[in-house]
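One letter stands for each residue in the lines below.
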Amino acid sequence: MKKLFIAEKPSVAQQFADALKVNGSRKDGYLEDDNYIITWCVGHLVGMSYPDAYDASLKRWSMDTIPFIPDSFKYEVIPAVSKQFNVVKKLLNRKDVETIYVCTDSGREGEYIYRLVDMQAGVPKDKDRRRVWIDSQTEEEILRGIREAKPLSEYDNLGCSAYLRAKEDYLMGINFSRALTLKYSYPIKQYLHTDKCVIAVGRVMTCVLGMVVKREREIRDFVVTPFYRVVARVGKKPEEADGVTLFDAEWKAVKGSIYYESPKLYKENGFKEKEDAEKLIEYLKDPDPVEMEIKSITKKTEKKNPPMLYNLAELQNDCSRLFKISPTDTLNTVQELYEKKLVTYPRTDARVLSTAIAKEIDKNIRGLCNYEKLAPFAQNIINQGGYKGIAKSKYVNDKLITDHYAIIPTGQGLGQLGKLTSIQAKVYELIARRFLSIFYPAAEYQKVSVTLGRKTEEFSASFKILIKPGYLAIADPYYGKKREKQENDQDGENQDKEEDSQPASEEIMEYISSLKKGNILSCNGFEIKEGKTSPPKRYTSGSMILAMENAGQLIEDEELREQIKGSGIGTSATRDAIITKLVNNKYIALNKKTQVLTPTFLGEIIYDVVLYSINGLLRADLTASWEKGLTGVAEGTISEEEYMGKLSDFVVRYTNAVKAVKNQNQMHVIFDKTRPYYKK
């Protein structure tokens, strides 16, 4: 009797063959020796049937045939890969196959790929099926996965979740796309002078389109507001004064100020009109000489810990920002690194390690001692034993892991480094640096904050100097002021804030640190600094991935945000494909040089069509709650029947709502020529 292994693609099948030392003959679509048979899918071999497979009349789009929700769903072999399906089907049903090892990708989509094949091939229910769940493709991990393979039935909830996700996308796509196309395509075709217009919508895709359009409209409607800040140029004590300015201190209208809560203010640190800033300076300059008293001074050591490890979303965002590559290119790159055994499984949402891997993490670090670029850092960690306490740190937490831990280097396969492309080498280095940095101590800064008084007014300044680099010595080479500024500048906020603290030389820092409350300092004059508010930033492909992952942050209602915490829009495995689909549909445009996303004219029209018909598809909270529901199914807390019932009700209700819309009223709103995007 033989054991059959089914991988998701040929290259992975070869990895399993190498690990099992399968030296038998290569057949058409599989490998075989005396003990093992190894075959593969080529992605999806089976898909859901179109409506006309249920009834030929459903091929024609008509309002009379929707909502379409079958009692049972039909599936069929995808014609382009039918040859490989037949190979796999025959192997699954061979009499001499005793055990089937499912080795497709360890996640919801990989589970779905195999189960569709198993169902379509009619494999006997009593045949032993085991699930191989691995985090990397090293030989050691493959053999462990085979040795510890669990009965496939233990993953039934995950499989059920996968089926429901596909049914959800199918039902929303079929019903809503047909309903909206039948209702609105004619006026859109007339306006755009095109022969064809299919309005494609989906649970995740339309929500993302909404995010891009809403951001663009916020930018378009944004009104620039100028403001004027008053800054004092502060020098040394009067008896030491040499005319040199040590630092700038910023005025704030705190309690006691003659401008406290004045309508003339733009926030607490600036004026709406320049004339008012000038009046404040005239008030402060008299009498002469201008001196300022230290009202308070605080000194503290500030620590900055290494960032969490990479999950796919975080990696895609950094690669978009640093290398200007799309999320799809990032996923493809890290997938290639995974298949070369260089890194662990890429499609993960976790940013921590598991307790199990933490116990033997020194193997990964020791492997990196042979990675020339980072060998000194890896060797230092080993020599100092910096990895020994990692299990008790925030970087290890089993509760924050669903399927896989964070993306880290395996420490193996380093012989492949010389064969990597430029971008593969950069991405690998990024992952390796982030990984090693967690074994280094926090960076330490000396921070001093000073508050100065002049008459009724108050000025303040903060200073920071790096005293111990800690993990910054190993952190990726792109880490620095530019990156820290980006982390502080959250999307959607006005960029009108100064840096939290000023960098200072050791000499200036030493002088400032010697000061005490009550000391008098000289003032070399005042300056007006003009600023202006900036609109929110457009999404880049990377920041969109993060926004999709953190959908809860887009929701205003606190209670609901907490309720769906941890549920994003889409999954790590699908988010890049959603952006690509929107670009291919010409609903959004992607600037390949900057990776900035903007809506197209058609995309804005589609947005308005959905807004006035099925606006729930534009809501981040609703989209994220569907994903949370699927997670509940996978965890066994929500039944298939419960989820399917809510899904069917949603599809029926909104499809019928579109059918009931009176076109004339809606078209008047949607095609209002005064809307800014019609002027493009």
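Reading the values: the criteria
Residues numbered from 1 in each chain as written. Predicted model: local features only at pLDDT ≥ 70, side-chain atom pairs only at ≥ 80, totals over all residues. Heavy atoms only, no water. Helix = DSSP H or I, 4+ residues; strand = E, 2+ residues; numbered from the N terminus. Buried < 20%, exposed > 50% of the residue type's maximum accessible area, 1.4 Å probe, protein only. Contact = heavy atoms within 4.5 Å. Salt bridge = Lys/Arg side-chain N within 4 Å of Asp/Glu carboxyl O. Pairing = 2+ DSSP bridges. Axes fitted to C-alpha atoms, helices over the stretch in contact; angles between N-to-C directions. Phe/Tyr/Trp six-rings, centres within 6.5 Å; stacked < 30°, edge-to-face > 60°. Lys NZ or Arg CZ within 6 Å of the ring centre and 35° of its normal.

Q: I would appreciate a short explanation of the environment of G159 in the present structure.
A: Secondary-structure assignment places G159 in helix α5 (residues 156-192). Take G159: its relative accessible area is 2%, and that puts it in the buried class. For the pair G159 and Y112, spaced 47 residues apart in the sequence, the C-alpha separation amounts to 6.0 Å. Beyond its immediate chain neighbours, meaning those up to four positions away, G159 contacts E111 and R115.

Q: Teacher, can you tell me more about the pattern of salt bridges here?
A: Two side chains bearing opposite charge may form a pair once their charged atoms approach each other closely. A full pass over the atoms with the stated rule returns 46 salt bridges. Linking D318 and R434 is a salt bridge whose minimum nitrogen-to-oxygen distance equals 3.5 Å. Here R434 lies in helix α13 (residues 422-437) and D318 lies in helix α8 (residues 312-323), a separation of 116 residues in the sequence. You can call D318 buried: its relative accessible area is 2%. Judged by relative accessible area, R434 falls into the buried class, the value being 4%. Between R575 and D349 there is a salt bridge, with the nearest N and O atoms lying 3.5 Å from each other. Highlighted residues: R575 in helix α18 (residues 575-584) and D349 in the loop between α9 (327-339) and α10 (355-359), separated in sequence by 226 residues. Through salt bridges that share partners, R108, E109, R165, E168, D169, R203 and E627 make up one connected network.

Q: How should I be thinking about the sheet that holds strand β1 (residues 2-7) in this particular structure?
A: Paired through backbone hydrogen bonds, the strands of a sheet run either parallel or antiparallel to each other. Judged by pairing direction, the sheet is mixed, and its 6 strands sit side by side in the order β2-β3-β1-β6-β7-β8 without closing on themselves. Single-partner strands in this sheet number two, and they are β2 (30-32) and β8 (150-151). As defined by bridge partners, β2 adjoins strand β3 (residues 36-40) across 3 bridges and the pair is classed as antiparallel. Paired with E32 across the two strands is I37, which belongs to β3. Sheet contacts for helix α2 (residues 82-92): β1, β2, β3 and β6 (97-103); angle to β3, the most-contacted strand, approximately 150°.

Q: Where do I start with the packing of aromatic side chains in this structure?
A: Pairs of aromatic rings are described using the distance from one ring centre to the other and the angle between the two planes. Inspection of the entire model under this criterion finds 22 aromatic pairs. Aromatic side chains Y75 and Y163 sit 6.1 Å apart centroid to centroid with 85° between the ring planes, which places their arrangement in the edge-to-face category. Here the residue Y75 occupies a position in strand β5 (residues 75-77), and Y163 occupies one in helix α5, the gap between them amounting to 88 residues. Judged by its relative accessible area of 13%, Y75 is buried. Ring plane angle 90° and centroid distance 6.1 Å describe the contact between W251 and Y259, whose orientation is recorded as edge-to-face. Through successive ring pairs, a cluster of aromatic residues spans F176, W626, Y643, F650 and Y654. The residue whose ring lies beneath R434 is Y310, and the NZ or CZ to ring-centre distance is 4.0 Å. When the ring centre of Y283 is taken as reference, the NZ or CZ atom of K455 above it lies at 4.0 Å.

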